[in-house]
Amino acid sequence: MEVAGVQISLLHDDNKPRKLKYNLGHPRVLAFGGAYSNLVTAVARAGHEQGFETIGVIRGEEHLPLNPSLARAAAHGMRLTYLDRAAYRLKHTPAVQERLREEFGEVFILPEGGSNAAAVRGCAELPGEIEDDYDVVCCPVGTGGTLAGIAAGLPPGKRAIGFAVLKGGAFLNDEVARLQREYGRRTGNWSIELGYHFGGYAKTTPVLDAMGFERVYVAKMIYGILDLVRRGRFARGTRIVAVVTGQPDTPVEEWGSPTGFDSGDPRWRR
Ligand SMILES: *Cc1c(COP(=O)(O)O)cnc(C)c1O
């Protein structure tokens, strides 16, 4: 779609399988996440498809019946366990990790959001798969692995802009830099917009709800892009690829109410 002389196209691409691609190969994999974690469901699916054991460590208390996201994970054979919020905050400390290893045995423990050097490597493959010409790639930022990878994989002259979906996201600048360093390719072609978190992680507003995009990540990015265009941040003729992260088959009911703003508008098609 063209907005004020700026070309915006949507690229549907689920980032979690990319982040997992070079993290797998262990007989037992453990992922942390909230009750609606896309990482937890992606690990469960990969374990089911590739035949390794999976453990999901969920923040908070168990609620039965399981929500659709955790039910899907359980149906894929994932063992679910729960950490109260205090313990969850300490999940990367030796004490908590030792407790988990006592309970589950030898296990590969993914970091928060699955973001590490191997995840960056997987996401760095994305730009090479973009067929059309473009100048800027945009993506949402949760833990930063996706942006770190996309930026590391961009050809010269192109740049990446991430949209932080959580409040107080300034630390993400250090985090993306750290992830790129760990991966072995530090680039200066990216930046993070911090002003489009809409109150914080998983917080929403009627405006976001009305957009008809997945609202934890994607709607905030789309809103941010349109706002930057409106503010003249991009020269006329700039071609933006917005990476619509997440599972394409997630029902919109799980995403939010699709009223008003129409994500199915044919003008969004590439
Ligand atoms: C995990 C996730 C992100 C954020 O990716 P990070 O690498 O953690 O920044 C964005 N969109 C969706 C749909 C996700 O599930």
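Calculation notes
- Residues numbered from 1 in each chain as written.
- Predicted model: local features only at pLDDT ≥ 70, side-chain atom pairs only at ≥ 80, totals over all residues.
- Heavy atoms only, no water.
- Helix = DSSP H or I, 4+ residues; strand = E, 2+ residues; numbered from the N terminus.
- Rg over C-alpha atoms; globule rule 2.2 N^0.38 Å.
- Buried < 20%, exposed > 50% of the residue type's maximum accessible area, 1.4 Å probe, protein only.
- Contact = heavy atoms within 4.5 Å.
- Areas by Shrake-Rupley, 256 points an atom, 1.4 Å probe, with all protein chains shown as cover.
- Phe/Tyr/Trp six-rings, centres within 6.5 Å; stacked < 30°, edge-to-face > 60°.
- Near = heavy atom within 4 Å.
- Polar contact = N/O pair within 3.5 Å; in protein donor to acceptor, adjacent residues only side chain to side chain.
- Nonpolar A, V, L, I, M, F, W, Y, C, P; charged D, E, K, R; others polar.
- UniProt positions renumbered as here; feature names shortened; annotations may be inferred.
- Pairing = 2+ DSSP bridges.
- Right-handed = clockwise from strand over helix to strand, strands pointing away.

> Explanation requested: the overall build of the protein in the structure shown.
Within the protein one finds eleven helices and ten strands. In terms of C-alpha radius of gyration, the protein reaches 19 Å, essentially the compact-globule figure of 18 Å for 270 residues. Once the C-alpha set of the protein is aligned to its principal axes, its extents read approximately 60 × 40 × 35 Å. Here the protein, with 270 residues, has 53% of them falling under the buried criterion. Look at the contacts in the protein between residues 6 or more apart in sequence, and 72% of them connect residues 24 or more apart. Of the roughly 12800 Å² that the protein leaves accessible, carbon and sulfur atoms contribute 51%.

> Quick question: what am I supposed to make of the packing of aromatic side chains here?
To describe a pair of aromatic rings, you give the distance between the ring centres and the angle between the ring planes. Going through the model one piece at a time under the given rule, you end up with five aromatic pairs. Considering the side-chain rings of Phe 32 and Tyr 88, the 6.1 Å spacing of their centres and the 90° angle between planes classify their relative orientation as edge-to-face. Taken together, the positions of Phe 32 in strand E3 (residues 28-33) and Tyr 88 in helix H4 (residues 85-89) put the pair 56 residues apart, joining distant regions of the chain. Pairing Phe 198 with Tyr 223 gives two aromatic rings, centres 5.0 Å apart and planes at 90°, and the pair type is edge-to-face. A residue pair is termed long-range when its members are at least 10 positions apart, and Phe 198 in the loop between strand E9 (190-193) and helix H9 (206-209) and Tyr 223 in helix H10 (residues 218-230) qualify at 25 residues. By way of ring pairs, the aromatic residues Phe 163, Tyr 196, Phe 198 and Tyr 223 are connected into one cluster.

> Help me out: how do you make sense of the site of the ligand in this one?
Lining the immediate environment of the ligand, one finds 14 residues, of which Lys 16, Lys 19, Thr 143, Thr 146 and Thr 245 sit closest. At 2.7 Å, a side-chain N or O of Thr 146 approaches an oxygen atom of the ligand. Those elements giving two or more residues to the shell around the ligand turn out to be helix H1 (15-21) and helix H7 (145-153). In terms of residue count, H1 provides more of the shell around the ligand than any other element does, three residues in total. Residue composition of the shell around the ligand, grouped by class: two nonpolar, ten polar and two charged.

> I keep staring at the UniProt feature "modified residue: N6-(pyridoxal phosphate)lysine" (unreviewed entry) in the protein and nothing clicks. Help me out?
UniProt feature "modified residue: N6-(pyridoxal phosphate)lysine" (unreviewed entry): in the numbering of this structure it lies at Lys 16. For Lys 16, the position within the fold is in helix H1. Residue Lys 16 is classed as buried on the basis of its relative accessible area of 10%. The residues contacting Lys 16, other than those within four sequence positions of it, are Asn 38, Leu 39, Ala 42 and Gly 113.

> Looking at this structure, how should I read the pairing of strand E5 (residues 79-83)?
In this sheet, E5 lies alongside strand E4 (residues 53-59) in parallel orientation, the contact comprising five bridges. Within E5, the residue paired with Ile 58 across the bridge is Tyr 82. Between the parallel pair E4 and E5, the chain is carried across by helix H3 (residues 68-75), and the sense of this crossover is right-handed.

> Whenever I open this one, the environment of Arg 99 confuses me. Can you help?
The topology assignment puts Arg 99 in helix H5 (residues 94-104). In this structure, the C-alpha to C-alpha distance between Arg 99 and Ser 69, residues 30 residues apart in sequence, is 26 Å.

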